[in-house]
Amino acid sequence: MLKSAVLFSHRKIQFHIFTEDSLKPEFDKQLHQWPDSYTKKFEHRIYPITFSVGNPQEWKKLFKPCAAQRLFLPVILKDVDSLLYVDTDVLFLRPVDDIWKLLRLFNSTQLAAMAPEHEIPKIGWYSRFARHPFYGSAGVNSGVMLMNLTRIRSTQFKNSMIPTGLAWEDMLYPLYQKYKNAITWGDQDLLNIIFYFNPECLYVFPCQWNYRPDHCMYGSNCREAEREGVSVLHGNRGVYHDDKQPTFKALYEAIRDFPFQDNLFQSMYYPLQLKFLETVHTLCGRIPQVFLKQIEKTMKRAYEKHVIIHVGPNQMH
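For the structure given in this document, a descriptive report is provided here. Just so it is clear, the structure is predicted and the values come from calculations on it, not from any experiment.

Quick word on the pattern of salt bridges
So, point 1. Taken as a whole and judged by the stated rule, the model has 15 salt bridges.
So, point 2. Note that Glu200 and Lys158 form a salt bridge whose closest N and O atoms lie 2.8 Å from each other. Of this pair, Glu200 sits in the loop between α10 (187–197) and β9 (202–204) while Lys158 sits in the loop between β7 (156–157) and β8 (166–167); the two residues are 42 residues apart in sequence, bridging distant segments of the chain.
So, point 3. What makes Glu200 partly exposed here is its relative accessible area of 33%.
So, point 4. Through salt bridges with shared partners, a single network forms among Arg94, Asp98, Lys101 and Arg301.

Listed below in structure tokens is the structure:
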């Protein structure tokens, strides 16, 4: 995930990495092994897993050990104004700069942005099975989430527990206590409950920014991705590591194995095209252009920028 962000982005990135203490040395070691031309494109800081309210062991058992951490980012990162939270199974297929620009589209009440959990409510999980309130007609997916932390910290949130508003930090544990026997997807369900009561606070971005197997395994149902290409790939359901969705796995392996100093066209784009030929028998593999469109665009932009800088604009024909 970190590699994909650095490969395709233009501006310097600040990574805030939350992980178990035992994994910190491995992160530092791997990131320092990257070539200077890439390490100068980012700064990183590693934080322990921390829960500021309630029982830490309870929060750790919520869905996955680190999943609930995103709920506490406004409290822990007090000096950070805004951030993009992503799960570790996310890959960027275009510059992070582009999704960051969506923050500018927030109106005066919006303080977070997510994509819908499903494009077709009647076959979505929340509309069929949820035993708690959820946002909109199909719920939202929290694997890719823009957060204006300054606004989150200063807002009083409507809720189902008391008649007046509650600050974010004061709301989390009572909310969990109230709904813990009704939720299935942990912190994502809690976020759906929060934005059900505060819909004016959420900006919903299209599915191309959080593209999951669900968008193609039952037939293509993300129109924005068909039109624009996938911008951010979310390989949930463990699809990078099994053979159920070979298109997702091929993209993951192409980014993982790409040698930093190589040519992106030769060492990533062309091998991917060949790999995708082997996946045309699958529902997701039938639409390879959806997965390649943004990578192609990003590489073209990088190439043109490189040529203009190194050849000089006056020598272009």
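Quick word on the nonpolar core
It is characteristic of soluble globular proteins that their nonpolar side chains tend to be buried jointly.
So, point 1. Among the nonpolar cores identified, the biggest contains 60 residues, and Ile99, Tyr211, Leu233 and Phe291 are the most heavily contacted of them.
So, point 2. Beyond its immediate stretch of four places on either side in the chain, Leu233 contacts Asp89, Val90, Leu91, Leu93, Tyr211, Tyr240, Phe248, Leu251 and Phe291.

Regarding the packing of helix α9 (residues 168–179) against α10
So, point 1. Direction vectors running N to C along α9 and α10 enclose 110°, while the axes themselves pass 11 Å from each other. Taken together, the axes of α9 and α10 lie roughly perpendicular to each other. The two elements α9 and α10 meet at a crossing, and its hand is right-handed. Seen from α9, the contacting residues are Trp168, Met171, Leu175, Tyr176 and Tyr179; seen from α10, they are Leu190, Leu191, Ile193, Ile194 and Phe197.
So, point 2. Residue composition of the contact of α9 with α10, grouped by class: 10 nonpolar, no polar and no charged.

Here's the deal with the environment of Ala138
So, point 1. For Ala138, the location among the structural elements is in the loop between α7 (125–129) and β6 (140–148).
So, point 2. Overall, Ala138 belongs to the buried group, its relative accessible area being 6%.
So, point 3. For the pair formed by Ala138 and Gln188, sequence separation is 50 residues and the distance between their alpha carbons is 13 Å.
So, point 4. Those residues in contact with Ala138, other than ones at most four positions away along the chain, are Glu117, His118, Pro121 and Tyr126.

Reading the values: the criteria
- Residues numbered from 1 in each chain as written.
- Predicted model: local features only at pLDDT ≥ 70, side-chain atom pairs only at ≥ 80, totals over all residues.
- Heavy atoms only, no water.
- Salt bridge = Lys/Arg side-chain N within 4 Å of Asp/Glu carboxyl O.
- Helix = DSSP H or I, 4+ residues; strand = E, 2+ residues; numbered from the N terminus.
- Buried < 20%, exposed > 50% of the residue type's maximum accessible area, 1.4 Å probe, protein only.
- Core = buried A, V, L, I, M, F, W, Y, C linked by side-chain atoms within 4.5 Å.
- Contact = heavy atoms within 4.5 Å.
- Axes fitted to C-alpha atoms, helices over the stretch in contact; angles between N-to-C directions.
- Parallel < 35°, antiparallel > 145°, perpendicular 65-115°, else oblique.
- Left-handed = near helix turned anticlockwise from the far one by under 90°.
- Nonpolar A, V, L, I, M, F, W, Y, C, P; charged D, E, K, R; others polar.

From the geometry alone we can't say anything about function, so treat these as descriptive.
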